[in-house]
Amino acid sequence: MNKIALPTTHGYIEMFGQPEDRPVFGAPKPFRSRRLFAAPHVVADIQGPYTPGVDSRIDVQRTLAYRRFLWSHGIGVAEAMSTSERSAIRWEEMRRLIEATAKEARKVGGEVICGIDTDQHDLAELTKLEAVAGAYLEQLEFVESVGLQAVIRGSRHLARLATTADDYALVYRTIIERAVAPVFIHWSGAVFQPLFARYWGSADPVVALESLLRLVHESCGKVSGLKISLLQPEVERQVRNRLPESCRLFTGDDYNYDALLMPDPHDGGYSDGLLGILDVIAPLAAESMSLLDGGDVANAQKLLSRSIPLAKAIFESPAGRYPCGIVFLAYLNGFQDHFRMISGAEGQRSIMHYAEVFRQAAKSGVLRDWDLVVSRFRPILEAAGIAQKG
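Cut-off values and rules
Residues numbered from 1 in each chain as written. Predicted model: local features only at pLDDT ≥ 70, side-chain atom pairs only at ≥ 80, totals over all residues. Heavy atoms only, no water. Helix = DSSP H or I, 4+ residues; strand = E, 2+ residues; numbered from the N terminus. Rg over C-alpha atoms; globule rule 2.2 N^0.38 Å. Buried < 20%, exposed > 50% of the residue type's maximum accessible area, 1.4 Å probe, protein only. Contact = heavy atoms within 4.5 Å. Polar contact = N/O pair within 3.5 Å; in protein donor to acceptor, adjacent residues only side chain to side chain. Expected span 1.5 Å × (residues − 1). 1 Å grid on protein atoms, 1.4 Å probe; cavity = no way out; pocket = protein on both sides within 12 Å on 5 of 7 lines; lining within 4 Å. Points joined across faces, edges and corners; volume = space filled by probe spheres on them. Nonpolar A, V, L, I, M, F, W, Y, C, P; charged D, E, K, R; others polar. Phe/Tyr/Trp six-rings, centres within 6.5 Å; stacked < 30°, edge-to-face > 60°. Axes fitted to C-alpha atoms, helices over the stretch in contact; angles between N-to-C directions. Parallel < 35°, antiparallel > 145°, perpendicular 65-115°, else oblique. Salt bridge = Lys/Arg side-chain N within 4 Å of Asp/Glu carboxyl O. Disulfide = S-S within 2.5 Å.

1. Some words on the overall build of the protein
Broken down by element type, the protein carries 14 helices and 12 strands. Over its C-alpha atoms the protein spans a radius of gyration of 21 Å, differing by no more than 12% from the 21 Å that the globule rule assigns to 390 residues. With the principal axes as the frame, the protein shows a C-alpha extent of 65 × 55 × 45 Å. Within the protein, the fraction of its 390 residues that count as buried is 57%. Considering only contacts in the protein between residues 6 or more positions apart, those separated by 24 or more positions represent 71%.

2. Quick word on the side chain of serine 202
Residue position: serine 202 is located in the loop between β9 (183-188) and α6 (205-218). Separated by 3.0 Å, the side chain of serine 202 and the backbone nitrogen of aspartate 204 make a polar contact. Excluding residues within four positions of it along the chain, serine 202 makes contact with Ala197, Val207 and Ala208.

3. Quick look at helix α9 (residues 282-293)
Here α9 spans 16 Å end to end across 12 residues, near enough to the 16 Å set by a 1.5 Å rise per residue. In terms of burial, α9 is a largely internal element, 10 of the 12 residues being buried. Looking at the buried positions of α9, the neighbouring elements they touch are β3 (36-38), α1 (60-72), α10 (297-305) and α13 (351-364). Note on α9: the residue one or two positions beyond its end, glycine 295, has a positive phi of about 85°.

4. Section: empty space enclosed by the protein
Under the defined criterion, the tally for this structure stands at two cavities of 30 Å³ or more. Of the pockets and cavities examined, the largest cavity occupies roughly 60 Å³. Around the largest cavity, the lining residues are Tyr66, Phe69, Asp279, Val280, Pro283, Ala330, Asn333, Phe335, Val366 and Arg368. Its residues placed into classes, the lining of the largest cavity shows seven nonpolar, one polar and two charged. Volume-wise, the second largest cavity comes out at about 50 Å³. Of the residues assigned to the lining of the second largest cavity, the class counts are five nonpolar, three polar and two charged.

5. Examining the packing of aromatic side chains
Evaluation of the coordinates by the stated rule reveals 25 aromatic pairs. When the centroid spacing of 5.7 Å and the interplanar angle of 35° are considered together, the rings of tyrosine 168 and tryptophan 200 count as tilted. Of the two residues, tyrosine 168 sits in helix α5 (residues 165-178) while tryptophan 200 sits in the loop between β9 and α6, which places them 32 residues apart along the sequence. For tyrosine 168, a relative accessible area of 1% corresponds to the buried category.

6. Quick word on the packing of α13 against helix α14 (residues 370-383)
For any two helices packed against each other, one specifies the crossing angle of their axes together with the interaxial distance. Where α13 meets α14, the axes come as close as 12 Å, and the angle between the chain directions of the two elements is 170°. As judged from the angle between their axes, α13 and α14 are roughly antiparallel. Side by side, α13 and α14 meet where Ile351, Tyr354, Ala355, Phe358 and Ala362 of the first sit next to Trp370, Val373, Val374, Phe377, Ile380 and Leu381 of the second. Classifying every residue of the contact of α13 with α14 by side-chain character gives 11 nonpolar, no polar and no charged.

7. Structural notes on the pattern of salt bridges
For the structure on display, the rule yields 19 salt bridges. Salt-bridge contacts for glutamate 79 lead to arginine 67; the nearest nitrogen and oxygen are separated by 2.7 Å. One end of the pair, glutamate 79, is in strand β6 (residues 76-79); the other, arginine 67, is in helix α1, and 12 residues separate them in sequence. Note on accessibility: glutamate 79 and arginine 67 belong to one class, buried. Two residues, glutamate 93 and arginine 96, come together in a salt bridge whose shortest N-O distance is 2.7 Å. On the criterion of helical spacing, the pair formed by glutamate 93 and arginine 96 is a turn pair, its members being three residues apart in helix α2 (residues 91-108). Here glutamate 93 falls in the buried class, since its relative accessible area comes to 3%. Residue classification places arginine 96 among the partly exposed positions, given a relative accessible area of 33%.

8. Considerations on the state of the cysteines
For the structure on display, the rule yields zero disulfides. Counting only cysteine sulfurs, cysteine 247 is the nearest neighbor of cysteine 220, a cysteine outside any disulfide, at a range of 13 Å.

9. A look at the layout of surface pockets
Volume-wise, the second largest pocket comes out at about 260 Å³. Forming the boundary of the second largest pocket are 16 residues, of which Phe25, Pro283, Gly365, Leu367 and Arg368 lie nearest the centre. Classifying every residue of the lining of the second largest pocket by side-chain character gives 10 nonpolar, four polar and two charged.

10. Looking at the environment of asparagine 299
As for its position among the elements, asparagine 299 is in helix α10. Considered as a pair, asparagine 299 and alanine 105 are 194 residues apart in the sequence and their alpha carbons are 31 Å apart. At 2.9 Å, the side chain of asparagine 299 and the side chain of aspartate 296 are in polar contact.

Pasting the structure below:
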């Protein structure tokens, strides 16, 4: 068997081969049990001169090919979310991708929602809440003009200016009222963005939730989805039980999605999913949902749980660097020809981190071609001083 030399936390080198007990997935089948959206990465266009994170360009065709892969597994695309490294992409370039994704989705029948933010402006540019609302509305208008449903992402501008829950409600209410279609709201906690430690007016998520839930209930059906990325499953369950029927809870908990997507043993409730990890586990997730469709809850959860160690490796602290592991696996699996991120952030994770992501990806069955992934990872390891045999 073709083995690869991987570093370990104990200081020795492990000769690692393809796990024999890995799950193997069949051809993708449509599923109906849950709505799942991946927040997918983008492929950087590295041809020609550019400065990562300053004037980066997206390889739109390779990026769309990956979205078609997700759609082929029944998984929707949440475009322009954090996994896309949108903070390192100029708004004009992001607009180009959003428009192309919307067009491709119509062509193949894929489901798409799209993040809106205030990030077309530098952090110091917006000094009033009204200006923050205006920046959101600018992106909302564009996203709806290409036929997509908007996901209101957390805004660094708003986090910097707002001092009370009423400040947040004022801005969000303005967006919701102006939206043509119902919107999603995305609440990402401080574990992903430290600036959001007091989002919704409080550092206590229970207190903050009261403000958010009040807004959802007052919106009279114009908030159809709420995504929570707090990595606190009990808080998520409490929110889920208090939402109006017109609003679905989408888990963003990349540590506990295996349980949160399954029926709760106490009340039968469950979350749908909008997750960064779905970028890399699409075949596994689709297989799990097919089992769920057939009523096999135990094996559906058992299979999904096989991916949790991989998710925990990718999202290890600082969790905000998780796109590194996702782009790394896309490169190994042959979805792109280089391991370069649009932000140039691939060096922000250690070789030990990438080795562990590789191990867990192999164990969860999401490495598509063993010889290919080994041939692509070996030069990276050798460049880091990890000698390879053979």
